[in-house]
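Chains, contacts and geometry: an overview
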Amino acid sequence: MNWDAIGAIGEAVGAAAVVASLMYLASQIRADAQARRMEVLHTQSAAFNEFQRTVAGDTEVSEIYFQGIRDFRSLEGARVPRFSALMGQLFRVFEDHYFHHNEGHLDQRVWQGFEGPMDDIIAYPGVQDWWKTRCHWYSREFQAFIAGKIEKGRRPSMYRETTA
């Protein structure tokens, strides 16, 4: 066997090893990306669930929330900052959902599961009134996104309101 043939065999083996390494690396990157998406899903779900626990776990907080989403202007005294804190927490979660979705970290099916409650909550006039007072706390892109949802003019229906 001559040295040219041995060199060609060596190059072929080396090229095959590089291709195999690249295929392995690509599968690892896909698996890592999937794991990251699942981690984002878990984190985003936990954040929304924590908000729900906050509202459901305290009768006074539930009453402030229920009154505030319907009529923000009717809140008085300490109820105003408490409602604002609730909405601030919730809209920060919504903004996180929005950016994770836009960056491709949330599957479209998962995004729909997050966008539904967002649409429902934004439909309430008290939430819209609160948003006017705090929208500047959020990114301009997210402000525009919420403004688009408000412009759709959905009617509140989350808590047994009539939709007619």
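Before going into details, it helps to say that this report is about the structure given with it. On a predicted model such as this, the values are computed, not experimentally measured, just so you know. (Residues numbered from 1 in each chain as written. Predicted model: local features only at pLDDT ≥ 70, side-chain atom pairs only at ≥ 80, totals over all residues. Heavy atoms only, no water.)

Quick look at the pattern of salt bridges
Pairing between side chains of opposite charge can happen when the charged atoms of each approach one another. The tally for this structure, following the rule as stated, stands at 11 salt bridges. Its salt-bridge partner being glutamate 60, residue arginine 82 comes within 3.1 Å of it at the nearest N-O pair. Taken together, the residues span a long stretch of sequence, with arginine 82 in helix H3 (residues 79-102) and glutamate 60 in helix H2 (residues 59-70) at a distance of 22 residues. As a salt-bridge pair, lysine 149 and glutamate 115 come within 2.7 Å of each other at their nearest N and O atoms. Residue lysine 149 is found in helix H6 (residues 140-151), and its partner glutamate 115 is found in helix H4 (residues 108-122); the two are separated by 34 residues along the sequence. Sharing partners across several salt bridges, the network here consists of Glu115, Asp119, Asp120, Lys149 and Arg154. (Salt bridge = Lys/Arg side-chain N within 4 Å of Asp/Glu carboxyl O. Helix = DSSP H or I, 4+ residues; strand = E, 2+ residues; numbered from the N terminus.)

Notes on the environment of phenylalanine 114
Mapped onto the fold, phenylalanine 114 is located in helix H4. The exposure class assigned to phenylalanine 114 is buried, which follows from its relative accessible area of 9%. Measuring from C-alpha to C-alpha, the distance between phenylalanine 114 and aspartate 129 comes to 22 Å, with 15 residues separating the pair along the chain. (Buried < 20%, exposed > 50% of the residue type's maximum accessible area, 1.4 Å probe, protein only.)

Some thoughts on the layout of surface pockets
For the largest pocket, the calculated volume is near 160 Å³. Lining the largest pocket, in full, are Phe48, Phe51, Gln52, Val55, Ala56, Tyr65, Pro117, Ile121, Met158 and Tyr159. The set of elements that each furnish at least two residues to the lining of the largest pocket consists of helix H1 (3-56) and H4. No other element matches H1, which puts 5 residues into the lining of the largest pocket. Residues that form the lining of the largest pocket fall into these classes: 9 nonpolar, 1 polar and no charged. (1 Å grid on protein atoms, 1.4 Å probe; cavity = no way out; pocket = protein on both sides within 12 Å on 5 of 7 lines; lining within 4 Å. Points joined across faces, edges and corners; volume = space filled by probe spheres on them. Nonpolar A, V, L, I, M, F, W, Y, C, P; charged D, E, K, R; others polar.)

Considerations on the packing of H3 against H6
At a minimum axis separation of 11 Å, H3 and H6 run at an interaxial angle of 100 degrees. Accordingly, the angle class assigned to the pair H3 and H6 is roughly perpendicular. Side by side, H3 and H6 meet where Phe91, Phe94, Glu95, Tyr98, Phe99 and Asn102 of the first sit next to Glu141, Phe142, Phe145 and Ile146 of the second. In terms of residue class, the contact of H3 with H6 is made up of 7 nonpolar, 1 polar and 2 charged. (Axes fitted to C-alpha atoms, helices over the stretch in contact; angles between N-to-C directions. Parallel < 35°, antiparallel > 145°, perpendicular 65-115°, else oblique. Contact = heavy atoms within 4.5 Å.)

Remarks on the packing of aromatic side chains
Evaluated as defined, the whole model comprises 18 aromatic pairs. Ring geometry for phenylalanine 72 and phenylalanine 83: centres 5.7 Å apart, planes at 40 degrees, overall tilted. Residue phenylalanine 72 is found in the loop between H2 and H3, and its partner phenylalanine 83 is found in helix H3; the two are separated by 11 residues along the sequence. Assigned by exposure class, phenylalanine 72 and phenylalanine 83 land together as buried. Put simply, the rings of Phe48, Phe91, Phe94, Tyr98, Phe99, Trp111, Trp130, Trp131, Tyr138, Phe142 and Phe145 pair up and form one aromatic cluster. (Phe/Tyr/Trp six-rings, centres within 6.5 Å; stacked < 30°, edge-to-face > 60°.)

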